[in-house]
Amino acid sequence: ILAEQKHWNEVLDDIYELKREGNPEGVFFEQLSYIEGLTYFNLARWDNAIRSLESFIKEDPKRLNADIAQIKLAQAYESKKDLAKAKLALEVLVQDNPDSEYLAQGLAELGRLNYLEGSQDLAETYFDRVSSEFQSSPFYAQAQYYLGWTEMNRDNYLRAVGYFDRVASNFPDDELAADSL
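Residues numbered from 1 in each chain as written. Predicted model: local features only at pLDDT ≥ 70, side-chain atom pairs only at ≥ 80, totals over all residues. Heavy atoms only, no water.

> What is the right way to read the packing of aromatic side chains from this model?
The way to describe two aromatic rings as a pair is by their centre distance and the angle between their planes. Under the counting rule described, the total for this entry stands at eight aromatic pairs. Ring geometry for phenylalanine 127 against tyrosine 146: centres 5.3 Å apart, planes inclined by 5°, an arrangement best described as stacked. Of the two residues, phenylalanine 127 is situated in helix 8 (residues 120-133) and tyrosine 146 in helix 9 (residues 140-153); the sequence distance between them amounts to 19 residues. Pairing tryptophan 149 with phenylalanine 164 gives two aromatic rings, centres 5.4 Å apart and planes at 65°, and the pair type is edge-to-face. Here the residue tryptophan 149 occupies a position in helix 9, and phenylalanine 164 occupies one in helix 10 (residues 157-170), the gap between them amounting to 15 residues. Accessibility expressed as a relative area gives 7% for phenylalanine 164, which makes it buried. (Phe/Tyr/Trp six-rings, centres within 6.5 Å; stacked < 30°, edge-to-face > 60°. Helix = DSSP H or I, 4+ residues; strand = E, 2+ residues; numbered from the N terminus. Buried < 20%, exposed > 50% of the residue type's maximum accessible area, 1.4 Å probe, protein only.)

Next comes the structure, spelled out in structure tokens:
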């Protein structure tokens, strides 16, 4: 872990040096605040990560890597226990980037966060969308798992078992499979 932290601190040193040199044009420099945000994220420096990622997204919400920046922003907010802002970041991803390769993850995470906050109906809406639109996604198992718990909480045990069985049978290596048995 220390070697990894040393690596990320070296990346930050390089970013600081590039920023001191000015604001050159080009794709790399357009991504600099994104790289900075990811670096802070990997160092678990949440406030700095949030500041850099928000700056990156604000510059152009449709640019390259804006969608994954939204995911990382949500994860940083969740790490700070600010679920409202985490959900907002994911909602922006879902609304502004409907063709994103991270859409299934954004929907699944919105479902999970809403489930954790007790908003089961809203969580179910997001998980249903993952289940219907992203059956080959790695987040399909998560959606099925939480749909099972949603049904369990409503005392619909047979439906819950169906969801849990799908997770255990179709995704035996997924970390949620053991809990689905």
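> Can you walk me through the side chain of threonine 39 in this structure?
Residue placement: threonine 39 occurs in helix 3 (residues 32-42). For threonine 39, a relative accessible area of 0% corresponds to the buried category. In this structure, threonine 39 is in contact with Trp8, Val11, Leu12 and Ile15, ignoring residues within four places of it in sequence. (Contact = heavy atoms within 4.5 Å.)

> Before we go on, may I ask you to explain helix 7 (residues 103-116) in this structure?
Along an α-helix, a turn takes 3.6 residues, which lines up residues three or four apart on a common side. The terminal C-alpha atoms of helix 7, which comprises 14 residues, lie 20 Å apart, in line with the 20 Å expected from a rise of 1.5 Å per residue. The element helix 7 is extensively covered by neighbouring structure, given that 13 of its 14 residues are classed as buried. Immediately beyond the C-terminal end of helix 7, within one or two residues, lies glycine 118, with a positive phi of roughly 90°. (Expected span 1.5 Å × (residues − 1).)

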